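In case you want the letters, here they are:
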Amino acid sequence: AELVRESGIRDIHDLANVAPSLQFNVSENETSATARIRGVGTQGSNPGLESAVGVFVDGVYRARNGGALTDLGEIAQIEVARGPQGTLFGRNTSAGLISVATAGPDLGGFVIGGDATVGAFGEQRLSVYASGPMVRDQLGFRVFAANSRRDGLNDVIDAAGAVSDANDRNLTTVRGQMLWAPSRDLDLRVIADFTERDETCCSGVFYDPAVVNGATGEGYINSAPAQAIAAIGGFGPAGTAALGPSGFSDRTAFGNRAMDQQVTDSGVSAELNWQTGLGLLTLVSAYRDWEFEQGQDSDFTAADLLYRSPGDGGFAFQFFSQEARLTGRTGALDWLFGAYYINEQLDRNDTLRTGTQYGDYVAALGAASGNAAISFVAPLLASTEGGGQRDRYRQNGDSFALFTHNIWSLNDRTDVTFGARFTQENKDFRQTILTVNPIPAMPVIGSIFPWHNPSLDGTSSQTREENEWSGTLAARHELSANVATYLSYARGYKGGGFNLDRDFDGDNAFQAETVDAWELGFKTTWMDGNLLLNAALFDEQFDHYQLNTFNGVSFFVASIPSVNSHGAELDMIWRTPVEGLRMQGGLAYADAQYGDDAAATPALFRLPGSRLTNAPLWTVTNAISYEWPMFDAMTGLAHLDFRYVSDQNTSSNLHPAKEQPAYVLLNGRFGISSQDERYSLELWGRNLLDEDYAQIMFDAPLQFLTIQPDASLPPLVNVSGLR
């Protein structure tokens, strides 16, 4: 908790500052979040995909990573578990998990507090909390509430040159808890929470303006699409000159449609712990309701080409989960048996509309490219104004699992861990596809732009059933009182599902993802326990890796036959001999690569043998904190944390234009507080080195030539956008 507070960690996204094996990126909207561990994760832009890295808050699974992007409030502890999970508790994951424990009710005495934060870009955050006993030592409560606001980080220029801002923050969250502990053998904790976000997000910044100004190279044809957009005001009155030498660093974007996004997230959970004669029985019940409404300027320009109106598109999750665990010890065996059930309903309304300048753009494109076929189609496209797709998807899923995790002590220095999980998954999928104002007798257009393809219209359904075993086996031996070594094997599993987007072949299903993971490591303590130093070597082989990618017009899921991640990790916690000085850091080397058979479609021809998206080879983190007495009753605090990330490609198709060079992030905090910590005043700074870096780069819609001189060639892009 101390490191979390000093590092300014408010949500899961901030956690990457201090966890070297973890990457956490946000894509084209605030719900499209992806956690990656050891270079492996599931791109969050498609709600049909579950996460390879699961997130649990107070023991309750969050259905997608984006559902955990909230103000976590008072944090007691955060754990980042690396590698496949599933034999200890809850939902199974293939790459790892993040477990957050929030502060619980205080049964001993009353406490009231809060904090107020101000910062650049008009940032304001106010939080308050209260906790205490209702019946001393038996019944207590805790309430927490926070509101966060910040102005937009990007300037958005419209066709007339007017400037507004986007990518702001407006979040309110409330959490209430009750804890009943009538005896040492029984306690019940009930938590209810509600979060609302009403934000303008997200605009896209051009990462490489030289491309739209006519640069050529691998994957580029020419600048005709961008010149066409400029001709109809897509880059404001200044045309492509408005992009400047680098639209990336000045955070300039373009738009003409509302980008309002609303998220409501609520839930209730109950955890019962009862020490029975057989062992400790733990029951965790939860219900969560998460809804997202999206407005989007889908072409990311000031021209009126494609958009989603606020209120008529988005998606929602509702799920109920029930977990039961019984743990105990019999002789030399520590044992755990558990069962887990989750029922999830997912609904998506995908409404994409064509704008008033859609036909003008195609006409300008035909003129700029000298392509007679495009010019011929332009008048027909003009008649599609207000058209597009009105698609509805529903997925119902049930998952039931039995699992066990056991540690058998062979002697005082050696033990063996063995665990197993059987998971049964059932998913029912139904879609209704509707094309509004399609182009008559022009099937070639529908084959390029799916929102013009009425041949996909209709209602269809599919089902999936999977039965899968996973588990773990490990041996640990203490070489001395302060050094232990271990060797482990784990089999992980993440269920298959359905792609919630228009699919040309009519089969939205994708396969389950499995992994075989090996790990060899050491866990050591030195200096009378003041220095913890751990090291590990790992190798993880994924089969049917679920890759979600955007081809410039739609999302699709490719099942990659093989992906391998191998490397080494070093973790350190050091309470130094200098009073008040402590350090925590780590180093991760992760070589996550696609197999030689990775080119599932022609558009992914760069994948075989290449590193995964957002998978840097090297990541180094370190946090240094120093506390010292000041005056008679004060304490000073100085804190610095940094994160070094080596170069990485931020795109699912690994286009070379989307390479992000290595960078360093430095954060700091300086403060004074009373020695009893009842009050404090702190100055803080994020990204003190003022680094510009990209999390996700993607092909800007409609800004590439889709009619190829050779149909066998992969799509070629001529501009990349930035999130």
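Rules of the game
Residues numbered from 1 in each chain as written. Predicted model: local features only at pLDDT ≥ 70, side-chain atom pairs only at ≥ 80, totals over all residues. Heavy atoms only, no water. Helix = DSSP H or I, 4+ residues; strand = E, 2+ residues; numbered from the N terminus. Rg over C-alpha atoms; globule rule 2.2 N^0.38 Å. Buried < 20%, exposed > 50% of the residue type's maximum accessible area, 1.4 Å probe, protein only. Contact = heavy atoms within 4.5 Å. Lys, Arg positive; Asp, Glu negative; His and termini not counted. Charge placed at Lys NZ, Arg CZ, Asp CG, Glu CD. Phe/Tyr/Trp six-rings, centres within 6.5 Å; stacked < 30°, edge-to-face > 60°. Lys NZ or Arg CZ within 6 Å of the ring centre and 35° of its normal. Salt bridge = Lys/Arg side-chain N within 4 Å of Asp/Glu carboxyl O. Polar contact = N/O pair within 3.5 Å; in protein donor to acceptor, adjacent residues only side chain to side chain. Patch = residues over 30% accessible without salt bridge, like charges linked within 9 Å, V, L, I, M, F, W, Y side chains within 5 Å. Areas by Shrake-Rupley, 256 points an atom, 1.4 Å probe, with all protein chains shown as cover. Disulfide = S-S within 2.5 Å. Pairing = 2+ DSSP bridges. pLDDT = per-residue confidence, 0-100. Axes fitted to C-alpha atoms, helices over the stretch in contact; angles between N-to-C directions. Core = buried A, V, L, I, M, F, W, Y, C linked by side-chain atoms within 4.5 Å.

A. Summary view of the overall build of the protein chain. For the protein chain, the helix and strand inventory stands at six helices and 40 strands. Taken over the C-alpha trace, the protein chain has a radius of gyration of 27 Å; the compact-globule value for 723 residues is 27 Å, and the two agree within 12%. Expressed along its principal axes, the backbone C-alpha trace of the protein chain runs to roughly 80 × 60 × 45 Å. When the 723 residues of the protein chain are sorted by exposure, 55% land in the buried category. Within the protein chain, contacts between residues separated by at least 24 positions form 68% of all contacts whose residues are at least 6 apart in sequence. Charge-centre separation for the protein chain: the mean point of 49 positive side chains lies 4 Å from the mean point of 87 negative side chains.

B. Structural detail: the packing of aromatic side chains. According to the stated counting rule, one finds 19 aromatic pairs in the structure shown. Through a chain of ring-to-ring contacts, three or more aromatic side chains come together here, namely W290, F292, F315 and F317. The ring of F538 carries the charged tip of R38 above its face, separated from the ring centre by 4.2 Å. The ring of Y307 carries the charged tip of R257 above its face, separated from the ring centre by 3.6 Å.

C. Structural context of the pattern of salt bridges. Within the structure shown, the criterion is met by 40 salt bridges. Residue D58 is joined to R189 by a salt bridge in which the shortest nitrogen-to-oxygen separation is 3.9 Å. One end of the pair, D58, is in the loop between β4 (53-57) and β5 (60-62); the other, R189, is in strand β14 (residues 186-200), with 131 residues separating them in the sequence. Each member of the pair, D58 as well as R189, is classed as buried. Between R64 and E344 there is a salt bridge, with its nearest N and O atoms 3.3 Å apart. Of this pair, R64 sits in the loop between β5 and β6 (75-82) while E344 sits in strand β21 (residues 333-354), placing them 280 residues apart in sequence. Here R64 falls in the buried class, since its relative accessible area comes to 9%. Connected through salt bridges with shared partners, the residues E2, R5, E6, R582, E627, R669 and E682 form a single ionic network.

D. Seen up close, the side chain of N667. Within the secondary structure, N667 sits in strand β37 (residues 663-674). The class of N667 is buried, set by a relative accessible area of 6%. Of the polar contacts made by the side chain of N667, one reaches the backbone nitrogen of N687; its length is 2.9 Å. Setting aside anything within four residues of it in sequence, one finds N667 in contact with N17, H639, L640, D641, G685, R686, N687 and L688.

E. Layout of a nonpolar patch on the surface. A cluster of nonpolar side chains, contributed by M134, V135, M178, V190, V268, Y287 and F320, occupies part of the molecular surface with about 570 Å² of accessible area. By the element assignment, Y287 lies in strand β18 (residues 280-294). Classification of Y287 by relative accessible area gives partly exposed; the value is 38%.

F. Focus on the state of the cysteines. The full count for this structure, using the stated rule, is one disulfide. The disulfide that involves C201 links it to C202, with 1.8 Å between the sulfurs. Taking the torsion about the sulfur-sulfur bond, which here is approximately 70°, the covalent link between C201 and C202 counts as right-handed. Side by side, C201 and C202 carry an identical accessibility label, which is buried.

G. Quick peek at the pairing of strand β17 (residues 260-275). Strand direction decides the pairing type here: β14 and β17, joined by 15 bridges, are antiparallel. What sits directly across from E199, in β17, is Q261. Here 15 bridges tie β17 to β18, and the two strands are oriented antiparallel to one another. Of the residues in β18, the one forming a bridge with A270 is S285. Adjacent in sequence and paired antiparallel, β17 and β18 are bridged by four residues, among which G279 carries a positive phi angle near 155°.

H. Layout of the environment of W618. One can find W618 in strand β33 (residues 618-630). The exposure class of W618 is partly exposed, given its relative accessible area of 39%. Placed 30 residues apart in sequence, W618 and Q648 show a C-alpha to C-alpha distance of 9.7 Å.

I. Structural context of unusual backbone geometry. Residue C202 is reached from C201 by a cis peptide bond, and omega for that bond is 15°. Tracing the sequence through the fold places C202 in the loop between β14 and β15 (205-206). Unlike most non-glycine residues, E677 shows phi in positive territory, near 60°. Position of E677 relative to the elements: it lies in the loop between β37 and β38 (680-685). Taking relative accessible area as the criterion, E677 reaches 58% and is therefore assigned exposed.

J. How the structure looks around the confidence of the model for the protein chain. Averaged over every residue, the pLDDT of the protein chain is 87; the share at 70 or more is 91%. Counting interchain partners and residues more than four positions distant, the pLDDT-below-50 stretch residues 214-221 has 20 contacts. For residues 705-723, every residue scores under 50 in pLDDT, and the model assigns this stretch 75 contacts once sequence neighbours within four places are set aside.

K. A look at the sheet that holds β4. As summarised here, the arrangement of the four strands in space is β5-β4-β7-β6, forming an open sheet in which the pairing is mixed. Sheet topology places β5 and β6 at the edges, where each strand pairs with a single neighbour. Here the strands of the sheet are splayed against their neighbours by 25° on average, with no regard to which way each runs. Examined bridge by bridge, β4 and β5 share three bridges and lie antiparallel to one another. When the sheet's bridge partners are listed, V57 is paired in β5 with V60.

L. Local environment of the sheet that holds strand β3 (residues 40-41). Pairing is antiparallel across the open sheet formed by three strands, whose spatial order is β1-β2-β3. Of all strands in the sheet, those bounded by a partner on one side alone are β1 (22-26) and β3. Relative to strand β2 (residues 33-37), β1 runs antiparallel, the two sharing five bridges. Bridge pairing in β2 links F24 to A35.

M. Spatial organisation of the nonpolar core. Core analysis: the largest hydrophobic core is formed by 41 residues, its most contacted members being I98, I560 and Y594. Mapped by element, the contributors of at least two residues to this core are β1, β2, β4, β6, β7 (96-102), β30 (531-550), β31 (555-575) and β32 (581-594). With four residues, β31 is the single largest residue contributor to this core. In this structure, A230, I374, L381 and W451 belong to the second largest nonpolar core, which totals 28 residues.

N. Local environment of the side chain of D641. With respect to the secondary-structure elements, D641 resides in strand β34 (residues 634-645). Here D641 occupies a buried position and makes no salt bridge, while the nearest side chain of opposite charge, R686, is found at 6.4 Å. Separated by 3.0 Å, the side chains of D641 and H639 make a polar contact. In contact with D641, not counting residues within four places along its chain, are S7, N17, N622, A623, L665, L666 and N667.

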